[in-house]
Amino acid sequence: MADIPDGELYPVPQRLLDPAQCPEPYISSLQQYKELYQQSIEQPDEFFGKLATDLLTWSKPFNRVRHGGFKYGDVAWFLDGRINASYNCVDRHAIENPKKVAIIYESDEPNQSENITYGQLLRDVCQLAGVLRAKGIRKGDTVAIYMPMIPEAVTAILACARIGALHSVVFAGFSAEALRDRVQDAQSRLVLTADQGRRGGKTIEIKKIVDEALKSCPMVETVLVCERTGADVPMTPGRDHWWSQEVSRTPTYLPPEEMHSEDPLFLLYTSGSTGKPKGVLHTTGGFLLGAAATVKYVFDYHPGDIFACMADVGWITGHTYIVYGPLALGATTVLFESIPTYPTPSRYWELIAKHKITQFYTAPTAIRALRRLGDEWVEGHDLSSLRVLGSVGEPINPEAWHWYNDKVGKGRCAIVDTYWQTETGSHIVTPLPGAIPTKAGSATLPFFGIELAILDPVTGKELTGNSVSGVLAVKRPWPSIARSIYGNHQRFLETYLRPYSGYYFTGDGASRDKDGYIWVGGRVDDVINVSGHRLSTAEIESALIVHHAVAETAVIGANDEVTGQCIHAFVCLKPGLASGHSRAFANDLTKELALQVRKVIGPFAAPKRIYLVEDLPKTRSGKLMRRILRKIVAGEADSLGDISTLADPSVVEALIAKVKSAA
Ligand code: PRX
């Protein structure tokens with residue numbers, strides 16, 4: 001069995017429990033957490049029924065809290081309840097306090113931030129929703145959103161929710177081909193986009209990418225183009241319309257569509273074990289409750305706080321923790337268009353000081369990168385407003401955790417290492433700031449209603465008690481779990497519910513240490529996590545294989561000090577090209593192959609290393625042995641294990657030499 005990790009316990013910082021310094025945490029002791037957790041498991045109907053009534057506004061109350069389960073994949077929450085997510089995120093706060101700031105937009109250039117009040121947001125959302133309606137979008141339709149990090153991206157999401165259209169946000173770092181696949185899969189008839197984007201001082205040609213993608217999307221009838229830079233971009237007559245012109249002639253109020261709790265709210269594509277990304281489907285009531293409840297309890301959000309999640313709205317973290325969670329609670333949410341190092345590596349810390357941010361949420365990859373650049377960038381900034389520092393997307397190594405805690409949090413803040421996934425909708429394993437002592441590198445304990453199980457990967461048997469390692473699963477549904485894969489419920493069942501019958505399978509390996517704390521180790525399937533971006537090896541292989549010179553490829557994830565994992569690709573060339581090529585030919589081809597991946601998926605998926613090899617390690621039956629490639633890249637060629645099952649064991653020597661010469 002693998003070694004069980006462990007670490008020192010860090011108590012809740014005293015400052016958080018001192019009413020003179022901080023608002024009293026909602027959950028302020030381990031005992032209180034344990035009692036509530038127990039209640040959430042033993043009396044889920046009462047627990048979640050009350051939470052859903054307290055945190056959300058229903059236009060018709062639900063009459064049953066839960067239904068269905070993992071056996072048939074027919075999970076449903078808050079049955080017969082009627083609710084609209086945009087009403088919950090906008091109207092009810094605009095009615096109460098229209099002048100309250102909903103969004104602080106921190107533009108790429110630091111001196112151009114802008115505040116959008118709830119009153120303004122309501123008008124913006126209603127107008128855009130009206131435009132969508134006028135363009136023929138109805139409840140149940142899907143709308144693709146391919147936008148930079150500007151306030152209109154939030155408006156776009158909420159306008160879809162207002163009329164009951166499913167939004168399908170595609171991260172604007174994806175290529176035209178990736179966007180095309182997602183528009184086609186969801187059959188979106190309308191695309192919301194912008195002329196250009198700005199990021200780290202650079203211009204991103206958003207509209208050009210959309211035009212390229214839509215060449216093979218005849219189903220798209222309308223494109224609305226938001227003016228981010230005002231650049232003169234080509235507009236296709238009849239199809240493309242300027243956002244500002246359209247909204248300006250639309251009324252500033254449109255009643256929200258009354259939705260059933262289980263009506264779909266959105267789909268979001270994510271990578272799995274196969275080459276084809278899947279549209280993870282979330283529904284309305286349960287998702288919104290998960291988002292609101294975790295912002296309240298995991299970030300200990302109190303009225304007046306300024307909440308800042310540094311993710312992109314194109315990923316689930318942006319959906320849940322920039323848009324739905326904070327806005328459902330009537331919070332002020334920060335929308336950050338730039339990168340942590342622009343114009344200098346002090347950008348995050350300047351942002352915190354400038355807006356008096358209370359909760360700050362980022363990924364270990366950013367923390368590691370900033371740590372490497374030196375402490376001087378973080379020193380001298382007033383970070384005293386901070387109470388909770390969040391981490392998400394990948395395991396956080398203890399060095400990065402300590403730096404975050406000491407240099408950013410000054411030992412006065414709670415660190416919440418939040419474990420969750422696109423499919424879980426909201427946090428499932430996480431500390432609670434005022435209640436759960438932390439360990440550097442552990443996501444600690446389950447959130448309310450999450451009954452975890454560590455399973456033996458081979459037998460599927462649950463490993464009970466402490467000091468166990470296996471794969472991480474969940475035993476029963478919680479409100480914000482995804483309900484399906486768009487258009488393919490069977491695939492949903494096969495991916496998550498069938499591998500271990502009766503459980504939701506996360507795809508991650510994990511240990512429970514001697515104190516019952518959870519340590520997530522990383523994916524056990526063919527998913528790679530690069531800078532918190534989720535990619536599948538098969539997806540990258542499919543991108544490479546379409547290149548005319550490529551016969552076969554194998555992609556693996558290797559450890560990387562900054563990005564967590566990075567991509568190494570082994571490529572066999574077609575006969576005739578395979579051997580005897582010059583170094584210049586090899587260099588050119590490697591560049592072309594990297595470009596190929598950027599073109600098919602996006603720049604963030606480009607392999608760090610590409611090896612042109614003669615052969616791959618395969619068994620006699622033709623099965624690729626990725627394990628061997630992983631070991632070679634990790635420099636563990638002396639512990640390859642049994643290679644006698646390989647069809648040609650001599651391949652290994654050549655691969656070792658190749659990897660060594662590339663290092
Ligand atoms: O491997 C886990 C890792 O990210 C995966 C989910 O990726 P995605 O759906 O893109 O969502 C990312 C943001 C929630 C998980 O299967 N992961 C996420 N958070 C953590 C993590 N691994 C360890 N610790 C975390 N806190």
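Residues numbered from 1 in each chain as written. Predicted model: local features only at pLDDT ≥ 70, side-chain atom pairs only at ≥ 80, totals over all residues. Heavy atoms only, no water.

So, the sheet that holds strand β5 (residues 114-117)
So, point 1. Spatially, 7 strands are ordered β5-β4-β17-β16-β18-β19-β20 in an open sheet, and the strand pairing comes out mixed. Looking at strand neighbours, the two that pair on one side only are β5 and β20 (414-418), the edges of this open sheet. If you compare each strand with its neighbour and ignore which way they point, the axes differ by 20° on average.
So, point 2. For strand β4 (residues 101-106) and strand β17 (residues 332-336), the ladder comprises 4 bridges, and the chain directions are parallel. When the sheet's bridge partners are listed, tyrosine 105 is paired in β17 with leucine 335.
So, point 3. Lying on the sheet, helix α11 (residues 347-355) is in contact with β4, β16 (306-309), β17 and β18 (359-362); it crosses β4 at an angle near 145°. (Pairing = 2+ DSSP bridges. Helix = DSSP H or I, 4+ residues; strand = E, 2+ residues; numbered from the N terminus. Axes fitted to C-alpha atoms, helices over the stretch in contact; angles between N-to-C directions. Contact = heavy atoms within 4.5 Å.)

Re the environment of serine 168
So, point 1. One can find serine 168 in strand β7 (residues 166-169).
So, point 2. For serine 168, a relative accessible area of 1% puts it in the buried group.
So, point 3. C-alpha separation for the pair serine 168 and valine 191, spaced 23 residues apart in sequence, amounts to 9.4 Å.
So, point 4. Once residues lying within four places of it in the same chain are set aside, the contact partners of serine 168 are Val143, Ala144, Ile145, Leu267 and Tyr269. (Buried < 20%, exposed > 50% of the residue type's maximum accessible area, 1.4 Å probe, protein only.)

Thoughts on the site of the ligand
So, point 1. Neighbouring residues of the ligand: 17 residues in total, closest Thr418, Thr422, Asp508, Arg523 and Arg534.
So, point 2. Here a nitrogen atom of the ligand sits 2.7 Å away from a polar atom, N or O, in the main chain of threonine 418.
So, point 3. Calculation on the ligand without its partners gives an accessible area of 540 Å², and the protein chains cover 96% of this total.
So, point 4. Of all the secondary structure elements, the ones that give two or more residues to the shell around the ligand are α10 (316-328), β20 and β25 (518-523).
So, point 5. A per-class count over the shell around the ligand returns 6 nonpolar, 6 polar and 5 charged. (Near = heavy atom within 4 Å. Polar contact = N/O pair within 3.5 Å; in protein donor to acceptor, adjacent residues only side chain to side chain. Areas by Shrake-Rupley, 256 points an atom, 1.4 Å probe, with all protein chains shown as cover. Nonpolar A, V, L, I, M, F, W, Y, C, P; charged D, E, K, R; others polar.)

With respect to the confidence of the model for the chain
Residues shown with low pLDDT carry predicted positions that ought not to be read at fine detail.
So, point 1. Per-chain confidence: the chain averages 96 in pLDDT, with 99% of residues scoring 70 or above.
So, point 2. Here the predicted complex scores 0.95 on pTM and 1.00 on ipTM. (pLDDT = per-residue confidence, 0-100.)

Overview of the nonpolar core
The nonpolar side chains of a soluble globular protein tend to be buried with one another.
So, point 1. Core analysis: the biggest nonpolar cluster contains 125 residues, and Leu158, Leu192, Tyr324 and Leu432 have the highest contact counts within it.
So, point 2. With sequence-adjacent residues up to four places away left out, tyrosine 324 is seen in contact with Ala85, Cys89, Ile157, Leu158, Ala161, His167, Leu265, Phe266, Phe287, Leu288, Ala291 and His319. (Core = buried A, V, L, I, M, F, W, Y, C linked by side-chain atoms within 4.5 Å.)

A few points about the state of the cysteines
So, point 1. Within the structure shown, the criterion is met by 0 disulfides.
So, point 2. In this model cysteine 22 remains outside any disulfide bridge; the closest cysteine sulfur is found in cysteine 413, 8.2 Å from its own.
So, point 3. Residue classification places cysteine 22 among the buried positions, given a relative accessible area of 4%.
So, point 4. Look at cysteine 413 and you get buried, because its relative accessible area is 3%. (Disulfide = S-S within 2.5 Å.)

Structural notes on the packing of aromatic side chains
Describing an aromatic ring pair means giving the distance of the ring centres and the angle of the ring planes.
So, point 1. The tally for this structure, following the rule as stated, stands at 37 aromatic pairs.
So, point 2. Their ring planes at 10° and their centres at 6.3 Å tell us that phenylalanine 266 and tyrosine 324 sit as a pair that is stacked. Separated by 58 residues along the polypeptide, phenylalanine 266 in strand β14 (residues 264-270) and tyrosine 324 in helix α10 bring together distant segments of the chain. Residue phenylalanine 266 shares its accessibility class with tyrosine 324, and that shared class is buried.
So, point 3. Their ring planes at 85° and their centres at 5.6 Å tell us that tyrosine 321 and tyrosine 361 sit as a pair that is edge-to-face. Note that tyrosine 321 is positioned in helix α10 and tyrosine 361 in strand β18, a separation of 40 residues in sequence.
So, point 4. Residue classification places tyrosine 361 among the buried positions, given a relative accessible area of 1%.
So, point 5. Taken together through their ring pairs, the aromatic side chains of Tyr26, Tyr33, Tyr37, Phe47, Phe48, Trp58, Phe62, Trp77, Phe78, Tyr297, Phe447 and Phe448 make up a single cluster.
So, point 6. Directly above the ring of tyrosine 26 sits lysine 296, whose terminal nitrogen or CZ lies 4.6 Å from the centroid. (Phe/Tyr/Trp six-rings, centres within 6.5 Å; stacked < 30°, edge-to-face > 60°. Lys NZ or Arg CZ within 6 Å of the ring centre and 35° of its normal.)

A short note on the packing of helix α4 (residues 118-134) against helix α5 (residues 151-163)
So, point 1. Orientation of α4 relative to α5, taken along the N-to-C sense of each, is 60°, at an axis distance of 8 Å. Of the two possible hands of crossing, α4 and α5 adopt the one that is right-handed. Residues Leu121, Leu122, Asp124, Val125, Cys126, Leu128, Ala129, Leu132 and Arg133 of α4 lie in contact with α5, whose contacting residues are Thr155, Ala156, Leu158, Ala159, Cys160, Arg162 and Ile163.
So, point 2. Partitioning the contact of α4 with α5 into residue classes produces 12 nonpolar, 1 polar and 3 charged. (Left-handed = near helix turned anticlockwise from the far one by under 90°.)

A closer look at the UniProt feature "domain: Acetyl-coenzyme A synthetase N-terminal" (unreviewed entry) in the chain
So, point 1. The UniProt record marks residues 33-89 with the feature "domain: Acetyl-coenzyme A synthetase N-terminal" (unreviewed entry), using the residue numbering of this structure.
So, point 2. In residues 33-89, helix accounts for 47% and strand for 18%; the two terminal C-alpha atoms are 27 Å from one another. (UniProt positions renumbered as here; feature names shortened; annotations may be inferred.)

Considering the pairing of strand β19 (residues 388-392)
So, point 1. Burial analysis of β19 places 5 of its 5 residues in the buried class, the great majority of the element.
So, point 2. Along β19, one buried face is formed by Val388, Gly390 and Val392 and the opposite face, lined by Leu389 and Ser391, is buried too.
So, point 3. Examined bridge by bridge, β18 and β19 share 4 bridges and lie parallel to one another. From the neighbouring strand, phenylalanine 360 faces β19, where its bridge partner is leucine 389.
So, point 4. After leaving β18, the chain enters helix α12 (residues 364-373) and then returns to the sheet as β19, a path that is right-handed.
So, point 5. Looking at chain direction, β19 and β20 are connected through 5 bridges and run parallel. Among the inter-strand pairings, leucine 389 is bridged to a residue of β20, identified as isoleucine 415.
So, point 6. Note that the unit made of β19, helix α13 (residues 398-408) and β20 has a crossover that is right-handed. (Right-handed = clockwise from strand over helix to strand, strands pointing away.)

Re the pattern of salt bridges
So, point 1. All chains considered together, the criterion is met by 42 salt bridges.
So, point 2. In this structure, aspartate 6 and lysine 439 form a salt bridge, with 2.9 Å as the shortest nitrogen-oxygen distance. Of the two residues, aspartate 6 is situated in the segment before α1 (30-42) and lysine 439 in the loop between β20 and β21 (452-455); the sequence distance between them amounts to 433 residues.
So, point 3. Relative accessible area serves as the criterion here: at 0%, lysine 439 is assigned to the buried category.
So, point 4. Glutamate 561 is the salt-bridge partner of arginine 372, the closest N and O atoms lying 3.0 Å from each other. With arginine 372 in helix α12 and glutamate 561 in the loop between β28 (550-560) and β29 (564-573), the pair connects residues that are 189 residues apart, well separated along the chain. A single burial state applies to arginine 372 and to glutamate 561, both of which are exposed. (Salt bridge = Lys/Arg side-chain N within 4 Å of Asp/Glu carboxyl O.)

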